[in-house]
Amino acid sequence: MNYLPIFYDLRGKSTRVIGGGGIAARKADLLLEAGARVVVIAPQTHGEMTEMVREGRVDWTQREYREGDLDDAVLVIAATDDRQVNERIAAVAAKQHIPCNVVDNPELCSFIMPSIINRDPVQIAVSTGGASPVLARLIRTRLESCTPSAYGKLARLVEQYRDRVKATFGRVEERRKFWESILEGPVAEHVFAGRDADARELLERLIDEAEADPKYQGEVYLVGAGPGDPDLLTFRALRLMQKADVIVYDRLVSKPIMDLVRRDAERIYAGKERANHAIPQENINQLLVRLAKEGKRVLRLKGGDNFIFGRGGEEIAELIDEGVPFQVVPGITAASGCTTYAGIPLTHRDYAQACIFVTGHLKDGTADLNWDMLSHAHQTVVFYMGLNNVAAICDNLKAHGRDASTPAALIEKGTTPEQRVFIGNLDNLADLVAENRVKAPTLIVVGEVVELHKKLAWFKPGEEIK
Ligand code: SAH
């Protein structure tokens, strides 16, 4: 970050604008809008500035800039068309520690002006740190179009109730949730639709209700984060990720996805490495219940989909028993995401009429899977958590009749920039794992469709998708 964005209270303070032209006038206008007093120093004024002087909005000192002019100023804009004068002003301002902006000369500036979206009292400031003012303006245009003009009115309305709500909710967290429900709910809708009286009436009623029972009810969001690429998140996943107060997440949730959760949310790592659960499942269930009962919005974030080898069923069963409200957001499961990024269609009219997702985490050796069914031809079998048992998996499939030459793939870290895909068959898949030091998370895909990878592979790991 090259610059610290701050909002500076200029009300009633004395500022200087050196220069009497059009740019000086626009800067002076902005300072006036922020409530500052503006002294303009310039031998002549032009156009807009002449008008501002005539209307008495600014004080005009009619002469060239000279030493001592900045003495009681809290902020200065140097907007003369003389480079040397601008440099002198910047040097004096630096010495006197007065924030100084020199128009069209970022090197001399101690602060720069952002592009502004004004919904007074709401201000949104955009800056590219001087890298591209045009880009800043483009971003501003986008924000302009998606920031309702009534936000200013909404801010003014809720401002009047801040103290009352503060007194009602002792805890900051509860207060924040109350305000979020107001600003995202029907009160805001009333304001946007111009029904100001309805908005006020509803807000007052909700505050009355909160005063009678100020406990905020927490909830749990079970969200599938997909296989790794953050672009594969759903809109709802992203919305809830930015709303939650506490995140209980697994190892499989990728770093770029964790970067999208609310910055100040508490993070609890729940593990889920093979046979090395950082928190046992029973405790995770209880943890979710406890956090929600404390009034928190809890995000249970897991790789892929919660209902596919994700124990989501166990977690919501506990929430239901305990009466905790929740919602479940499906995610793209590894079988779908990783095979797509590897160019392996799970079904194909010529090769596979069915597709089976199965756990390769073999509980006691091999006996617990229906190997006869898994060994049928014309189907694709996807093994989750199978890396450590790859030899046993291939042996069992062969022993139950699947041809040894059946193509098979290993997809490591699918959908991420580090994705690796290895193609072999039931005879050599285990060797491929050893030779290439394949690591978790890896998906095993068995079936004729794997052959299609040669032709259909499209995703180049490490390159961004355009
Ligand atoms: N709920 C998850 C699966 C959890 S089981 C889902 O729906 O995807 C964990 C297994 O998923 C891993 O052992 C691995 O086989 C597979 N897996 C998850 N993400 C993966 C990825 N990005 N690349 C390869 N395999 C992955």
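Details of the structure are given in the entry above.
Keep in mind it's a predicted model, so treat the numbers as computed, not measured.

Asker: Account for the environment of aspartate 213, with residues named and values stated.
Answerer: Inspection of the secondary structure assignment puts aspartate 213 in the loop between helix H9 (196–212) and strand S8 (219–224). On a C-alpha basis, the gap between aspartate 213 and threonine 168 in space is 9.2 Å, while along the polypeptide they are 45 residues apart.

Asker: Please provide a residue-by-residue account of the site of the ligand, values included.
Answerer: Taken together, 18 residues form the shell around the ligand, and within it Asp305, Ile308, Thr333, Gly414 and Thr442 come nearest. Glycine 303 is positioned with one of its backbone polar atoms (N or O) 3.1 Å from a nitrogen atom of the ligand. Backbone polar atom of threonine 442 to an oxygen atom of the ligand: 2.7 Å apart, as the coordinates give it. With the chains in place, 92% of the 540 Å² that the ligand exposes on its own is no longer accessible. At the level of elements, helix H14 (334–341) and strand S17 (442–446) are the ones that each hand at least two residues to the shell around the ligand. Here the residues of the shell around the ligand are counted per class, giving 11 nonpolar, 5 polar and 2 charged. If you count residues domain by domain, the shell around the ligand takes at least three from each of domain 3 (219–332) and domain 4 (335–456).

Asker: Could you give me a rundown of the sheet that holds strand S3 (residues 59–61), with the residues and numbers involved?
Answerer: In sheet architecture, strand pairing relies on hydrogen bonds along the backbone and comes in two forms, parallel and antiparallel. Sheet architecture is open: 5 strands sit in the order S3-S2-S1-S4-S5, paired in parallel fashion. The strands lining the two open edges of the sheet, one partner per strand, are S3 and strand S5 (100–102). Adjacent strand axes in the sheet meet at a mean angle of 20°, parallel and antiparallel pairs treated alike. One ladder, built from 4 bridges, connects strand S1 (residues 14–18) with strand S4 (residues 75–78); its direction is parallel. In the strand pairing of S4, valine 17 is matched with isoleucine 77. Sheet contacts for helix H1 (residues 22–33): S1, strand S2 (37–41), S4 and S5; angle to S1, the most-contacted strand, approximately 170°.

Asker: Outline the packing of aromatic side chains, listing residues and values.
Answerer: Under the defined criterion, the tally for this structure stands at 10 aromatic pairs. Here the aromatic residues Phe169, Phe178 and Trp179 are joined through ring pairs into a cluster of three or more.

Asker: Which residues make up H14, and what values go with them?
Answerer: Given 3.6 residues per helical turn, the α-helix brings residues three or four places apart onto the same face. For H14, the tally of buried residues reaches 6 of 8 residues, placing the bulk of the element in the interior. On the buried face of H14, the contacting elements are strand S13 (354–359), strand S14 (379–384), strand S15 (407–412) and S17. Residue glycine 343 follows H14 closely and has a positive phi angle near 70°.

Asker: I'd love a proper account of the pairing of S2, names of residues and values included.
Answerer: Counting buried positions along S2 gives 4 out of 5 residues, so the element sits mostly inside the fold. Alignment of S1 against S2, held across 5 bridges, turns out to be parallel. Pairing of arginine 16 across the sheet is with valine 39, part of S2. Tracing the backbone out of S1, into H1 and back to the parallel element S2 gives a crossover that is right-handed. Looking at chain direction, S2 and S3 are connected through 3 bridges and run parallel. Each bridged residue has a counterpart across the sheet, and for valine 39 the counterpart in S3 is aspartate 59. Chirality of the crossover, the property in question, places the unit of S2, helix H2 (residues 47–54) and S3 among those that are right-handed.

Asker: Quick rundown of the packing of helix H5 (residues 151–159) against H9? Include the residues and the values.
Answerer: Two elements in contact, H5 and H9, have axes separated by 11 Å at closest approach and are oriented at 35°. Crossing handedness for the pair H5 and H9: right-handed. On H9, the residues touching Lys153, Leu157 and Val158 of H5 are Asp196, Ala199, Arg200 and Leu203. Looking at the contact of H5 with H9, its residues break down into 4 nonpolar, no polar and 3 charged.

Asker: Lay out helix H3 (residues 83–95) in plain terms, naming residues and giving numbers.
Answerer: Counted at 1.5 Å a residue, the expected span for H3 with its 13 residues is 18 Å, and the 18 Å between its end C-alpha atoms agrees. Along H3, the residues that are buried comprise Val85, Asn86, Ile89, Ala90, Val92 and Ala93. Along the axis of H3, the buried residues cluster in a sector spanning 165°; they form a single face. Exposed residues on H3 whose side chains face more than 90 degrees from its buried face are Arg83, Gln84, Ala94 and Lys95. The secondary structure elements touched by the buried residues of H3 are S1, S4 and S5. In this structure aspartate 82 caps H3, since a side-chain oxygen of it lies 2.9 Å from the backbone nitrogen of glutamine 84. Positive backbone phi, approximately 60°, marks histidine 97, located one or two places after H3.

Asker: Describe in detail the sheet that holds strand S9 (residues 246–249), supporting the description with residues and values.
Answerer: The strand order S10-S9-S11-S8-S12 describes an open sheet built from 5 strands, whose pairing is parallel. Where the open sheet ends on each side, the last strands, each with one partner, are strand S10 (266–269) and strand S12 (326–329). Neighbouring strand axes in the sheet, compared pairwise and without regard to direction, differ in orientation by 15° on average. Relative to strand S11 (residues 297–302), S8 is paired through 6 bridges, and the arrangement is parallel. Among the inter-strand pairings, glutamate 219 is bridged to a residue of S11, identified as arginine 297. Packing against the sheet, helix H13 (residues 312–321) makes contact with S8, S11 and S12, and its axis sits at approximately 170° to S8.

Cut-offs used in this document
- Residues numbered from 1 in each chain as written.
- Predicted model: local features only at pLDDT ≥ 70, side-chain atom pairs only at ≥ 80, totals over all residues.
- Heavy atoms only, no water.
- Helix = DSSP H or I, 4+ residues; strand = E, 2+ residues; numbered from the N terminus.
- Near = heavy atom within 4 Å.
- Polar contact = N/O pair within 3.5 Å; in protein donor to acceptor, adjacent residues only side chain to side chain.
- Areas by Shrake-Rupley, 256 points an atom, 1.4 Å probe, with all protein chains shown as cover.
- Nonpolar A, V, L, I, M, F, W, Y, C, P; charged D, E, K, R; others polar.
- Domains from an automatic or database assignment.
- Pairing = 2+ DSSP bridges.
- Axes fitted to C-alpha atoms, helices over the stretch in contact; angles between N-to-C directions.
- Contact = heavy atoms within 4.5 Å.
- Phe/Tyr/Trp six-rings, centres within 6.5 Å; stacked < 30°, edge-to-face > 60°.
- Buried < 20%, exposed > 50% of the residue type's maximum accessible area, 1.4 Å probe, protein only.
- Right-handed = clockwise from strand over helix to strand, strands pointing away.
- Left-handed = near helix turned anticlockwise from the far one by under 90°.
- Expected span 1.5 Å × (residues − 1).
- Arc of directions from axis to C-beta.

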